[in-house]
Amino acid sequence: MADILTRAQLSLLAALLQTDPANLTSLERLGADDLKALRGALSDALFDEQAEAFARVSKLAPLVPNALVVTVAHRAVPPEVAGRVGGAVGLAHGDRAIGVLSGLNPDYLADAAPYVDPRVIPHFAPRLPAKLLIPAAKELLRRRDYLTASRFVEFATDEHIVAFEKAIDDDEGIILTGVLVSDTAIMNDIMRAAGPDRSQRMARSATAGTPEVLAALLSLLSRIDPELAKPAVTEMLGHPDIDVVIRVLDVAAAEGVVVEALQISAVLDDAVLSRLTGLEAWHRLTREAEAWAHETPA
């Protein structure tokens, strides 16, 4: 079974190629990093084909008032087109682009976001004020479009991270977006801004939620600094209700995050770890990990 980051990169590649991810499963063997590189190369080629057209549109930007651009966009410009062209215009006319984006409704921004040239995001997203991004981010989470949200989180500033943590109450959405972010430093910043209380709340949401959410949090916690992971790990694997702990371990085995669950257990205090390792569910998990290790090519 491919890991969560690999599946995410495969889904992003499928979206770029406008095909079903099931058609690309043979590429899982490349792994997350190589799939990301492949997607980047293909995306660059596709956007470069349209560079001349984007440049012509960009030259028109200073001639049209912001209010007119917003009105025309809402009424006549498909979000896919706006997303593809908007990146080039944004790079050439950053201040104008921010003014236009401020007038667009969150639904339209969320519709357009998947089509923005990935090369534009690191240059442009940090300039956007958090108050502009938050409504669109909430809409993406409401749609469960975590892949698109994760592309922008990769380049969030400290200001964005603090503002998003305060404004977004959707713990499951944060987990399912965060697990798709490959930049560990950004995830450390997000969990640091969240603090131990929010981290524990996320853990409670995950243990009460679907296996998908719980597996995502286990994966996420395995990739961040141990001291930041510890509050959530203790909430799950050190929970006073043994049934909760057993469910976490069973989901880890069923969802293919066995190694991640074993890794994060290292942050537990000795007493909590001793209690955990005494469970039959723990021994089942370790046997699953051993079987997986034997089946995985060196």
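Residues numbered from 1 in each chain as written. Predicted model: local features only at pLDDT ≥ 70, side-chain atom pairs only at ≥ 80, totals over all residues. Heavy atoms only, no water.

*Asks:* I would appreciate a short explanation of the overall build of the protein in the present structure.
*Replies:* Scanning the protein from terminus to terminus reveals 19 helices and zero strands. Within the span of the protein, comprising 298 residues, buried residues form 43% of the whole. Within the protein, contacts between residues at least 6 apart in sequence are counted, and of these 83% link residues at least 24 apart. Carbon and sulfur atoms make up 57% of the accessible area of the protein, which amounts to about 14800 Å² in all. (Helix = DSSP H or I, 4+ residues; strand = E, 2+ residues; numbered from the N terminus. Buried < 20%, exposed > 50% of the residue type's maximum accessible area, 1.4 Å probe, protein only. Contact = heavy atoms within 4.5 Å. Areas by Shrake-Rupley, 256 points an atom, 1.4 Å probe, with all protein chains shown as cover.)

*Asks:* When you look at the side chain of R151 in this model, what are you seeing that I'm missing?
*Replies:* As for its position among the elements, R151 is in helix α10 (residues 146-153). Note on R151: relative accessible area 11%, which makes it buried. Within polar-contact distance, the side chain of R151 engages the backbone oxygen of A113 at 3.4 Å. The residues touching R151, leaving out its near neighbours within four places in the chain, are L12, A113, P114, Y115, V116, D117, P118 and I121. (Polar contact = N/O pair within 3.5 Å; in protein donor to acceptor, adjacent residues only side chain to side chain.)

*Asks:* I'm lost on a nonpolar patch on the surface in this one. Help?
*Replies:* A cluster of nonpolar side chains, namely L17, L38 and L42, defines an oily patch on the protein surface of about 200 Å² accessible area. Along the chain, L38 turns up in helix α2 (residues 31-49). Taking relative accessible area as the criterion, L38 reaches 31% and is therefore assigned partly exposed. (Patch = residues over 30% accessible without salt bridge, like charges linked within 9 Å, V, L, I, M, F, W, Y side chains within 5 Å. Salt bridge = Lys/Arg side-chain N within 4 Å of Asp/Glu carboxyl O.)

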